[in-house]
Amino acid sequence: RPWLAAVGEMEALASIATYAGEHPSFCWPEVEAGPARLEAEALGHPLIPGSARVTNDVNLPEQGRALLITGSNMSGKSTYLRSLGLLAVMANAGLPVCAKRASLTPLAAWTSMRISDDLSGGMSHFYAELMRLRAIVDASRSGQTVLFLLDEILHGTNSRERTIGARGVVHDLVRGGAIGGVSTHDFALVAIAEESEGRIDTVHFSDRIEHGQMVFDYKLKTGVVQSTNAIRLMKAVGIDVDYGV
């Protein structure tokens, strides 16, 4: 049995070395024990080819900090959250990461992304998301050093209840010392950042129109997005939308 364990460890180390050799532009992250913290320069998603990859910075310098990410459809919100999660997971595994520079503490990455309902279990999409959010809150309260990534939080309910519920979840996580990011289309959730006394920063992705076409730069900007594109996308795919409705 010790021989098999040794062979397995050698295989894992060889795989890490191979990955590092195949990605010389990736950096070795600085991982130090301590309260939750994550900072990176020119962070990208490692599965996007370098020729098409757009990178962004992230700055969560201390525990109890978060990003509220707004933006139009297809602008890059979910990809940015996934990049944060991969950074934490790959750094914990001892891998180089897709960034110019990265510094963080060991983090337990908890996500609420791509939640689906469960027909056989009689569980709706909304209830499944609630169960996932409860697990994330429980992990934070248990003393884990949590990185939370919540994509389109509570979009399965109405705007009023979404605002109340999201406010409770995010403030609970931040007060407990977790760090992370929350993406949303709902401008009402901006109140979460306004109530946080500087613990939650608002950032956004946006699009622009060039020659009648939507163009995305996938660059993270400060503040709240000022435009939406859902109607434009519906018209672009051939759905007749009456602006007067």
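Colleague: What exactly am I supposed to notice about unusual backbone geometry here?
Modeller: Among all residues except glycine, the phi angle is most often negative; among peptide bonds, the trans geometry is most common. Positive phi outside glycine occurs at Glu 152, with the angle close to 55°. Considering the arrangement of structural elements, one finds Glu 152 in the loop between strand 7 (146–151) and helix 4 (159–175). Although it is not a glycine, Glu 197 adopts a positive phi angle of roughly 55°. Tracing the sequence through the fold places Glu 197 in the loop between helix 5 (190–194) and strand 9 (200–205).

Colleague: Teacher, can you tell me more about the sheet that holds strand 7 here?
Modeller: Strands pair in a sheet through their backbones, by hydrogen bonds, and they do so in one of two ways: parallel or antiparallel. Spatially, 6-7-8-4-9-12 is the arrangement adopted by the six strands of the open sheet, whose pairing is mixed. Looking at strand neighbours, the two that pair on one side only are strand 6 (108–112) and strand 12 (221–222), the edges of this open sheet. Note that strand 6 and strand 7 share five bridges and pair parallel. Within strand 7, the position partnered with Ala 108 by the bridge is Val 146. Of the strands in this sheet, strand 4 (66–71), strand 6, strand 7, strand 8 (179–184) and strand 9 are in contact with helix 2 (residues 77–92), which crosses strand 7 at around 160°. Relative to strand 7, helix 4 is tilted by about 165°, and along the sheet it contacts strand 4, strand 7, strand 8 and strand 9.

Colleague: Looking at this structure, I do not really get the sheet that holds strand 2 (residues 38–43). What am I missing?
Modeller: Reading across from one edge, 1-5-2-3 is the order of the four strands in this open sheet, with mixed pairing throughout. Edge positions in the sheet fall to strand 1 (30–31) and strand 3 (56–60), since each has one partner strand and no second. Judged from the four bridges that link them, strand 2 and strand 3 form a sheet pairing that is antiparallel. Each bridged residue has a counterpart across the sheet, and for Ala 40 the counterpart in strand 3 is Val 58. Along the sheet, helix 2 contacts strand 1, strand 2, strand 3 and strand 5 (101–104); its crossing angle with strand 2, the most-contacted strand, is approximately 115°.

Colleague: It is not clear to me how the packing of aromatic side chains should be interpreted in this structure. Could you clarify?
Modeller: Each aromatic ring pair is characterised by the separation of its centres together with the angle its planes make. Summed over all chains, the structure comprises three aromatic pairs. Plain terms: the ring middles of Tyr 80 and Phe 205 are 5.8 Å apart, the flat faces sit at 65° to each other, and that makes the pair edge-to-face. Taken together, the residues span a long stretch of sequence, with Tyr 80 in helix 2 and Phe 205 in strand 9 at a distance of 125 residues. Its relative accessible area of 1% is what places Phe 205 among the buried residues. Look at Phe 216 and Tyr 218: their rings are 5.9 Å apart centre to centre, the planes differ by 20°, and that puts the pair in the stacked class. Given a relative accessible area of 37%, Tyr 218 falls into the partly exposed group.

Colleague: Looking at this model, I keep getting lost on the packing of helix 3 (residues 125–141) against helix 4. Mind explaining?
Modeller: How two helices pack is summed up by the angle between their axes together with the distance between the axes. Between helix 3 and helix 4, the shortest axis-to-axis distance is 9 Å and the interhelical angle comes to 20°. Relative to helix 4, the element helix 3 lies roughly parallel. Here helix 3 and helix 4 pass one another in a crossing that is left-handed. The segment helix 3 lies against helix 4, with Leu 133, Ile 136, Val 137, Ser 140 and Arg 141 engaging Val 169, Asp 172 and Leu 173.

Colleague: What am I meant to see in the pattern of salt bridges here?
Modeller: A side chain with one charge can pair with a side chain of the opposite charge if their charged atoms come near. Counting across every chain of the model gives 11 salt bridges. Put simply, Glu 39 and Arg 37 hold a salt bridge, and the shortest N to O gap is 3.3 Å. What makes Glu 39 partly exposed here is its relative accessible area of 22%. Lys 77 serves as the salt-bridge partner of Glu 152, at 4.0 Å between the closest nitrogen and oxygen. Highlighted residues: Glu 152 in the loop between strand 7 and helix 4 and Lys 77 in helix 2, separated in sequence by 75 residues. Judged by relative accessible area, which is 6%, Lys 77 ranks as buried. Linked by salt bridges that have partners in common, Glu 62, Arg 65, Arg 199 and Asp 201 make up one network.

Colleague: What am I meant to see in the side chain of Ser 196 here?
Modeller: Within the secondary structure, Ser 196 is located in the loop between helix 5 and strand 9. Polar side-chain contacts of Ser 196 include one of 2.8 Å to the backbone oxygen of Ala 193.

Colleague: Sorry, what's going on with the pairing of strand 8 here?
Modeller: Along a regular strand, successive side chains alternate from one face of the sheet to the other. Judged by how many residues are buried, strand 8 sits mostly within the fold: six of six residues are covered. The two faces of strand 8 match: Ile 179, Gly 181 and Ser 183 on one face and Gly 180, Val 182 and Thr 184 on the other face are all buried. Bridge count for strand 4 against strand 8 is five bridges, and the pairing is parallel. Each bridged residue has a counterpart across the sheet, and for Thr 70 the counterpart in strand 8 is Thr 184. The pairing of strand 7 with strand 8 spans five bridges and is parallel. Each bridged residue has a counterpart across the sheet, and for Phe 148 the counterpart in strand 8 is Gly 180.

Reading the values: rules and limits
Residues numbered from 1 in each chain as written. Predicted model: local features only at pLDDT ≥ 70, side-chain atom pairs only at ≥ 80, totals over all residues. Heavy atoms only, no water. Helix = DSSP H or I, 4+ residues; strand = E, 2+ residues; numbered from the N terminus. Pairing = 2+ DSSP bridges. Contact = heavy atoms within 4.5 Å. Axes fitted to C-alpha atoms, helices over the stretch in contact; angles between N-to-C directions. Phe/Tyr/Trp six-rings, centres within 6.5 Å; stacked < 30°, edge-to-face > 60°. Buried < 20%, exposed > 50% of the residue type's maximum accessible area, 1.4 Å probe, protein only. Parallel < 35°, antiparallel > 145°, perpendicular 65-115°, else oblique. Left-handed = near helix turned anticlockwise from the far one by under 90°. Salt bridge = Lys/Arg side-chain N within 4 Å of Asp/Glu carboxyl O. Polar contact = N/O pair within 3.5 Å; in protein donor to acceptor, adjacent residues only side chain to side chain.

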